[in-house]
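Structural characterization, general
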Amino acid sequence: MSCTPSDPLSTDVAVIGGGIIGLGIALEAQRAGHRIMLIDPEPARGATYAAAGMLAPVSELHYQEEDLLTLTLASAARWPGFARALADEGYPDIGFRTTPTLALGANAADLNALAQLREAQAKQGLDVARLSIREARKLEPLLSPDLAAAHLIVQDHQVDPRAVAAAIEARLLAAAQRSGHRADETVVRTRAVELLHENPANTRSRTRGVLLDDGREVHAREVVIANGLGATQLGGLPENLMLPLRPVHGDILRLRVPEHLRELCTATLRGMVRGLPVYLVPRNDGTVVIGATAREDGRDGVNAGAVHQLLRDAQALLPAVAELELLESTARARPGTPDNAPLLGRVEGPDGREMPGLLIATGFFRHGVLLTPIAAHIITELLAGVNDPAWDRFRPDRFSPALQEP
């Protein structure tokens, strides 16, 4: 019998958002024995669809982000087990590769920038080995001989986000079916518009579910907000809660490597070309992903200048890029925060206690794929009543006025 707006759906955990973060949380919650409901009109079609999938805590180190480094390293350490668990459940084809990353510089200024970054990485105890250009070209013969700098980072790997998302969604549906639950009540392909509360007049009362845009209600013991930039558009958010998210657009290219150039490269290549970042990520299917733009111009479409820049700079590292077939150009917005760290955890109520029934996982910016395993672990632990104080620095209410220092 089909549901009407007066027939509420029911679940243990409602996850709003079907990007890789929401999918990862739903997966771990389901494995922990919770009945889950993933709510998203188009799962994995947002930032996840465009993501390159670099698992790069070392390469992605930025100044004054030492707290974030702790989180990225912890998540990188979880990725092998995360991938292995999916493989053991019958979903091995997620493009998880433990090949290293090469950081490359095109000219003398780029060499100096990479040297300064390597110094900062070394201070954090990270392993970055300087190579000669000849040594780098032994690893990747198609690299340009005119490069100025090369560093080997064995700790930074990659995965295919689209393949991960497809595997997780398939696993969620298969497990739900084995438990006698309907597919359309496990992955609900509609939009969440408002949080529901025990006291409708008080958004700080217990969260008891979600209102969908088709008029149906989802009743849940716990609600996880994991829909990226869409989090701020939800009705019923707790009063005075600030989620300072901003859209940071990135342009991504996908190209097919012709047979005579395979393998174009085996390592992930991260370059600085005249001060501009560019990366090339090889895929198992004979394609390569090129990216690294970051725009805050509010434009959703692909930027023509960015496409030109990416192709030009990628060729400076790997001249054979000129012979590849351009398959796709994509732009998506990632949710950034003032400190570039995620908003992750529960929200504190006016009495100093955490508000029941509500968890938040958004603001992952450029680290969404990398941080999926640790975000899923932290949220699933919180669902079980376990809070690790080590991650309190990423609380989702840390920018709210009531919690800021005077």
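Thresholds applied
- Residues numbered from 1 in each chain as written.
- Predicted model: local features only at pLDDT ≥ 70, side-chain atom pairs only at ≥ 80, totals over all residues.
- Heavy atoms only, no water.
- Domains from an automatic or database assignment.
- Contact = heavy atoms within 4.5 Å.
- Buried area = accessible area lost by both parts, 1.4 Å probe.
- Salt bridge = Lys/Arg side-chain N within 4 Å of Asp/Glu carboxyl O.
- Polar contact = N/O pair within 3.5 Å; in protein donor to acceptor, adjacent residues only side chain to side chain.
- 1 Å grid on protein atoms, 1.4 Å probe; cavity = no way out; pocket = protein on both sides within 12 Å on 5 of 7 lines; lining within 4 Å.
- Points joined across faces, edges and corners; volume = space filled by probe spheres on them.
- Helix = DSSP H or I, 4+ residues; strand = E, 2+ residues; numbered from the N terminus.
- Pairing = 2+ DSSP bridges.
- Axes fitted to C-alpha atoms, helices over the stretch in contact; angles between N-to-C directions.
- Buried < 20%, exposed > 50% of the residue type's maximum accessible area, 1.4 Å probe, protein only.
- Nonpolar A, V, L, I, M, F, W, Y, C, P; charged D, E, K, R; others polar.
- Core = buried A, V, L, I, M, F, W, Y, C linked by side-chain atoms within 4.5 Å.

Another point: the domain arrangement of the protein. In terms of domain boundaries, the protein breaks down into domain 1 (9–49 + 163–244 + 339–403) and domain 2 (101–153 + 246–336). Measuring from the centre of the C-alpha atoms in domain 1 to the corresponding centre in domain 2 gives 33 Å. In this assembly, 13 residues from domain 1 lie in contact with eleven residues from domain 2. For the pair domain 1 and domain 2, the summed buried surface comes to about 1000 Å²; carbon and sulfur atoms form 60% of the total. Three residues, Tyr49, Leu229 and Phe365, lead the burial of domain 1 against domain 2; their summed loss comes to 57% of the area buried on that side. Summed over the shared surface of domain 1 and domain 2, the result is zero salt bridges. Here domain 1 and domain 2 share four residue pairs in polar contact (both at pLDDT 80 or more) between them.

Here the focus is the layout of surface pockets. Approximately 210 Å³ is the volume attributed to the second largest pocket. Every residue lining the second largest pocket is counted, 16 residues in all, and those nearest its centre are Ile378, Leu382, Asn387, Asp388 and Trp391. Of all the secondary structure elements, the ones that give two or more residues to the lining of the second largest pocket are strand 17 (343–348) and helix 8 (372–383). In terms of residue count, helix 8 provides more of the lining of the second largest pocket than any other element does, five residues in total.

In this section: the side chain of Thr380. Along the chain, the position of Thr380 falls in helix 8. Residues contacting Thr380, with those up to four places away along its chain left out, are Ile25, Glu28, Ala29 and Ala32.

Right, let's talk about the sheet that holds strand 12 (residues 246–256) for a bit. Strand pairing in a sheet relies on backbone hydrogen bonds, with the paired strands running either antiparallel or parallel. Across the sheet, eight strands lie side by side as 5-6-4-13-14-15-12-16; this open sheet has mixed pairing. With one partner strand each, in any of the chains shown, strand 5 (129–131) and strand 16 (325–336) form the two edges of the open sheet. Going across the sheet, the axis of each strand differs from the next one's by a mean of 20°, ignoring polarity. Inspection of the sheet shows strand 5 paired to strand 6 (residues 149–153) by three bridges, in the antiparallel sense.

Pairing between side chains becomes possible if they bear opposite charge and their charged atoms approach one another. The full count for this structure, using the stated rule, is 30 salt bridges. Between Asp313 and Arg274 there is a salt bridge, with the nearest N and O atoms lying 2.9 Å from each other. In this pair, Asp313 sits in helix 7 (residues 304–317) while Arg274 sits in the loop between strand 13 (268–273) and strand 14 (276–282), placing the two residues 39 residues apart along the sequence. Its relative accessible area of 49% is what places Arg274 among the partly exposed residues. A salt bridge links Arg398 to Asp339, with the shortest nitrogen-to-oxygen separation between them at 3.0 Å. Note that Arg398 is positioned in the segment after helix 8 and Asp339 in the loop between strand 16 and strand 17, a separation of 59 residues in sequence. Here Asp339 falls in the partly exposed class, since its relative accessible area comes to 34%.

Turning our eyes to something else, we now look at empty space enclosed by the protein. Inspection of every chain in the model, using the stated rule, returns one cavity of 30 Å³ or more. Quantified by volume, the largest cavity comes out at close to 50 Å³. Ala56, Pro57, Glu60, Leu61, His62, Glu65, Leu68, Leu69, Thr72 and His367 are the residues that line the largest cavity. Partitioned by chemical class, the residues of the lining of the largest cavity number five nonpolar, three polar and two charged.

A word on the nonpolar core. With 49 residues, the main nonpolar core has Ile25, Trp79 and Ile379 as its most contacted residues. Of all the secondary structure elements, the ones that give two or more residues to this core are strand 1 (9–16), helix 1 (20–31), strand 2 (36–39), helix 3 (66–88), helix 6 (161–178), strand 18 (354–362) and helix 8. When near neighbours in sequence (up to four residues on either side) are disregarded, Ile379 contacts Ile25, Val224, Leu344, Gly345, Leu359, Ile360 and Ala361. Listed in part, the 30 residues of the second largest apolar core include Leu143, Leu253, Leu255 and Ala267.

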